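# Structural overview for review
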Amino acid sequence: MLYAIVGQDVPDSLNQRLATRPAHLERLHALQQSGRLLLAGPFPAIDSNDPGPAGFTGSLIVAEFDTLAAAQVWADADPYVTAGVYASVSVKPFKKTLPA
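No experiment lies behind these values; they were computed from the predicted model shown. (Residues numbered from 1 in each chain as written. Predicted model: local features only at pLDDT ≥ 70, side-chain atom pairs only at ≥ 80, totals over all residues. Heavy atoms only, no water.)

It is worth spelling out the packing of aromatic side chains at this point. For any pair of aromatic rings, geometry is given as the distance between the ring centres together with the angle between the planes. Within the structure shown, the criterion is met by three aromatic pairs. Between the aromatic rings of Phe65 and Trp74, the centroid separation amounts to 5.7 Å while the plane-to-plane angle is 50 degrees, which identifies the pairing as tilted. Exposure remark for Trp74: the relative accessible area of 12% places this residue in the buried category. By the ring-pair criterion, three or more aromatic residues cluster together here, those being Tyr3, Phe65 and Trp74. For the cation-ring pair, Arg27 lies above Trp74, with the distance from its terminal atom to the ring centre recorded as 4.1 Å. (Phe/Tyr/Trp six-rings, centres within 6.5 Å; stacked < 30°, edge-to-face > 60°. Buried < 20%, exposed > 50% of the residue type's maximum accessible area, 1.4 Å probe, protein only. Lys NZ or Arg CZ within 6 Å of the ring centre and 35° of its normal.)

Note on placement: Arg17 falls in helix α1 (residues 14-33). Classification of Arg17 by relative accessible area gives buried; the value is 5%. Look past the residues within four positions of Arg17 in its chain and what remains in contact with it is Asp9, Pro42, Phe56, Gly58, Ser59, Tyr80, Val85 and Tyr86. (Helix = DSSP H or I, 4+ residues; strand = E, 2+ residues; numbered from the N terminus. Contact = heavy atoms within 4.5 Å.)

Next up on the list: the nonpolar core. When a protein is soluble and globular, its nonpolar side chains tend to lie buried together. Judged by nonpolar contacts, Tyr3, Ile5, Leu28, Leu31, Ile61, Ala63, Phe65, Ala71, Trp74, Ala75 and Val91 together constitute the single largest core of eleven residues. Elements with a minimum of two residues in this core: β1 (2-9), α1, β3 (56-64) and α2 (68-76). Sorting elements by how many residues they give to this core places α2 first, with three residues. Leaving out residues up to four positions away in the same chain, Ala75 has contacts with Ile5, Val81, Val89 and Val91. (Core = buried A, V, L, I, M, F, W, Y, C linked by side-chain atoms within 4.5 Å.)

Next up on the list: α1. An ideal rise of 1.5 Å per residue puts 28 Å on 20 residues; α1 measures up with 27 Å between its terminal C-alpha atoms. Residues of α1 that are buried: Leu14, Arg17, Thr20, His24, Arg27, Leu28 and Leu31. Residues of α1 that are buried sit in contact with β1, β2 (37-44), β3, α2, α3 (79-82) and β4 (86-94). Count one or two residues on from α1 and you reach Gly35, which has phi positive near 75 degrees. (Expected span 1.5 Å × (residues − 1).)

This paragraph deals with the pattern of salt bridges. Here the structure, examined in full by the defined rule, presents two salt bridges. When the shortest N-O distance is used, the salt bridge between Arg17 and Asp9 registers 2.9 Å. When the shortest N-O distance is used, the salt bridge between Asp78 and Arg27 registers 3.8 Å. Taken together, the positions of Asp78 in the loop between α2 and α3 and Arg27 in helix α1 put the pair 51 residues apart, joining distant regions of the chain. A relative accessible area of 2% means that Asp78 is categorised as buried. (Salt bridge = Lys/Arg side-chain N within 4 Å of Asp/Glu carboxyl O.)

Keep in mind these numbers describe shape, not what the thing actually does.
The following block contains the structure:
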């Protein structure tokens, strides 16, 4: 099943986010290589693809896991969690409708 993982950044997290990004992306690439990643990306803090020093407010990952518990375990081990970039993370089942 698909699960939506939404991380909310702590204020002023850009420097820590950038420092931790390679480890975060490594895990996402592993999901992608296993065919389990639907999409992933950050939420810019301003209305721009490149928010510069404004940074980001969080991230969205939609990926396939066997169970909600497995998705939660994966999300809890994210480098953005362990580095303190995310203030909170929610994991919810997700049903893709479109595009078909």
